[in-house]
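Architecture at a glance
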Amino acid sequence: MIKKLVFFVLALGVLSCGSTQPIVRTNKPIYRKPNSSVVRTIKKSLNAKSAVVKNPIVSKGPSKSPEIKKLEQKYESAKEENKSSSDATVYSKTEILEATTRVKVTTAMVLEYIALYKEIAKSNMVQYGIPSSIILGQGILESGAGTGPLSVLANNHFGIKCHKEWTGPSVKYDDDEAQECFRKYDEPRESYKDHALFLTTRPRYLSLFQLDKDDYKQWAKSLKEAGYATDPKYPDKLIGIIERYQLNQYDAEVLGTEFIPLKVPNNPITFNSDVYQVSQGDTLYSISKKFNISIDDLKRKNNIEDNAISIGQNLKIK
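The model shown is predicted, which means the values in this text are computed figures rather than measured ones.

Ranked by size, the top nonpolar core spans 41 residues in total, and within it Ile-134, Tyr-228 and Leu-247 carry the most contacts. Elements supplying a minimum of two residues to this core: strand 2 (102–105), helix 4 (107–128), helix 5 (132–143), helix 7 (188–200), helix 8 (216–225) and helix 9 (234–244). Among the elements that take part in this core, helix 4 stands out by supplying eight residues, more than any other. Residues in contact with Tyr-228, not counting those within four places in the same chain, are Gln-138, Glu-142, Phe-158, Ile-160, His-195, Phe-198, Leu-199, Tyr-205, Leu-223 and Tyr-234. Counting ten residues, the second largest nonpolar core, distinct from the first, contains Ile-293, Leu-298, Ile-304 and Leu-315.

Encoded structure:
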């Protein structure tokens, strides 16, 4: 009994001595199981090919001026209106302009375009010798009065392609061939200046500057002959716009001569009775009825593939 008591006291002493030893702590981090959600990053291959887009392609550039934003809004409005209008409505209420692109514009839009750029055209006539009427007429036709894709996205109002010497920015657009290169400008004024330089620095246009500055008809014909446009109807379209909007008045202002307003009849027929000049509201159907000719014959005589005709265009009717 006494031996058991002594053993118990000794065991109790050993345990009490062990409890006085200091506790050592380590800084080893505690492992925690990661969250089940995993964030993955995807790196886009630098060799990935871009999709081919048939609309104009343009890199991001400087912010657009209020002038360009305004014209861009008009372009979008014209596109939406064109989608919801029939051909008859288009021709009776609006004008079709077709060069590098085919757009529908109102008379008010054309007049506003003239107001915006007439002073630039007059200044270029003084500096470079190109008639204001030709400058404005080409601007209206080529840019769709500032609403066409090239003018809105690239400020290119004259459909000037890049050519070999161009080192500035550009856009791609379907014209005679797919995805052709067209020049891009920061402001429309630059496009007007480049148009003047384009005509004055190329030998094939030198003959133009031998013409009278008030002879817009011969200028329009000579532009086509020199290769400015591939459209065989280009001179007629250009002359029609000049006469409809009396653009030759700005030639008279620069030259200091008297301007006599052109008389453009509501139902104009040229001196050649075999030719009819398209006026506002005309369609191929209405012209065919007026002259007792089928639409197919009318299109065949004038090499027309679709139903597009322009104000001022001369059509063979016999």
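Having seen the structure, we can now continue with the description.
What follows deals with the state of the cysteines. Under the definition given, this model contains one disulfide. The residue that forms a disulfide with Cys-162 is Cys-181, at a sulfur-sulfur distance of 2.0 Å. Residues Cys-162 and Cys-181 are joined through a disulfide that is left-handed, its torsion about the S-S bond being -65°. Taken as a pair, Cys-162 in the loop between helix 6 (149–154) and strand 3 (170–173) and Cys-181 in strand 4 (residues 180–183) lie far apart in primary sequence, 19 residues in all. Assessed through its relative accessible area of 7%, Cys-162 is described here as buried. Residue Cys-181 is classed as partly exposed on the basis of its relative accessible area of 23%.

Before going further, it helps to spend a moment on helix 10 (residues 248–255). Asn-248, Tyr-250, Asp-251 and Ala-252 are the residues of helix 10 that are buried. Those residues of helix 10 hidden inside the fold are in contact with helix 4, helix 5, helix 8 and helix 9. Gly-256 sits one or two positions beyond helix 10 and adopts a positive phi of about 75°.

A few words now on the packing of helix 4 against helix 5. Contact geometry for helix 4 and helix 5: axes closest at 8 Å, N-to-C directions at 140°. In terms of their interaxial angle, helix 4 and helix 5 are classed as oblique. Along this stretch, helix 4 crosses helix 5, giving a crossing that reads as right-handed. Residue-level inspection shows Val-110, Tyr-113, Ile-114, Tyr-117, Lys-118, Ala-121, Lys-122, Asn-124 and Met-125 of helix 4 in contact with helix 5, the latter providing Ser-132, Ile-135, Leu-136, Gly-139, Ile-140 and Ser-143. Taken together, the residues that form the contact of helix 4 with helix 5 break down as nine nonpolar, four polar and two charged.

With that settled, consider the pairing of strand 3. Here strand 3 shows a clear split, with Val-171 and Tyr-173 buried on one side and none of Ser-170 and Lys-172 buried on the other. Across four bridges, the pairing between strand 3 and strand 4 is antiparallel. Bridge pairing links Tyr-173 to Glu-180 in strand 4. With antiparallel pairing between neighbouring strands as the criterion, strand 3 and strand 4 make up a hairpin whose turn holds six residues, including Gln-179 at a positive phi of roughly 50°.

Looking now at the environment of Tyr-173. Mapped onto the elements, Tyr-173 comes out in strand 3. A relative accessible area of 10% means that Tyr-173 is categorised as buried. Separated by 24 residues in the primary sequence, Tyr-173 and Pro-149 have C-alpha atoms spaced 8.9 Å apart.

With that settled, consider the environment of Ala-226. Its place among the elements puts Ala-226 in the loop between helix 8 and helix 9. A relative accessible area of 16% places Ala-226 in the buried class. Separated by 22 residues in sequence, Ala-226 and Arg-204 place their C-alpha atoms 5.9 Å apart. Filtering out sequence-adjacent residues up to four positions away, Ala-226 remains in contact with Arg-204 and Tyr-205.

All told, the structure shown has nine salt bridges when counted by the stated rule. As a salt-bridge pair, Arg-202 and Glu-165 come within 2.2 Å of each other at their nearest N and O atoms. Taken as a pair, Arg-202 in the loop between helix 7 and helix 8 and Glu-165 in the loop between helix 6 and strand 3 lie far apart in primary sequence, 37 residues in all. Judged by relative accessible area, which is 16%, Arg-202 ranks as buried. A salt bridge links Asp-194 to Arg-183; its shortest N-O distance comes to 2.7 Å.

Thresholds, definitions, all that
- Residues numbered from 1 in each chain as written.
- Predicted model: local features only at pLDDT ≥ 70, side-chain atom pairs only at ≥ 80, totals over all residues.
- Heavy atoms only, no water.
- Core = buried A, V, L, I, M, F, W, Y, C linked by side-chain atoms within 4.5 Å.
- Buried < 20%, exposed > 50% of the residue type's maximum accessible area, 1.4 Å probe, protein only.
- Helix = DSSP H or I, 4+ residues; strand = E, 2+ residues; numbered from the N terminus.
- Contact = heavy atoms within 4.5 Å.
- Disulfide = S-S within 2.5 Å.
- Axes fitted to C-alpha atoms, helices over the stretch in contact; angles between N-to-C directions.
- Parallel < 35°, antiparallel > 145°, perpendicular 65-115°, else oblique.
- Left-handed = near helix turned anticlockwise from the far one by under 90°.
- Nonpolar A, V, L, I, M, F, W, Y, C, P; charged D, E, K, R; others polar.
- Pairing = 2+ DSSP bridges.
- Salt bridge = Lys/Arg side-chain N within 4 Å of Asp/Glu carboxyl O.

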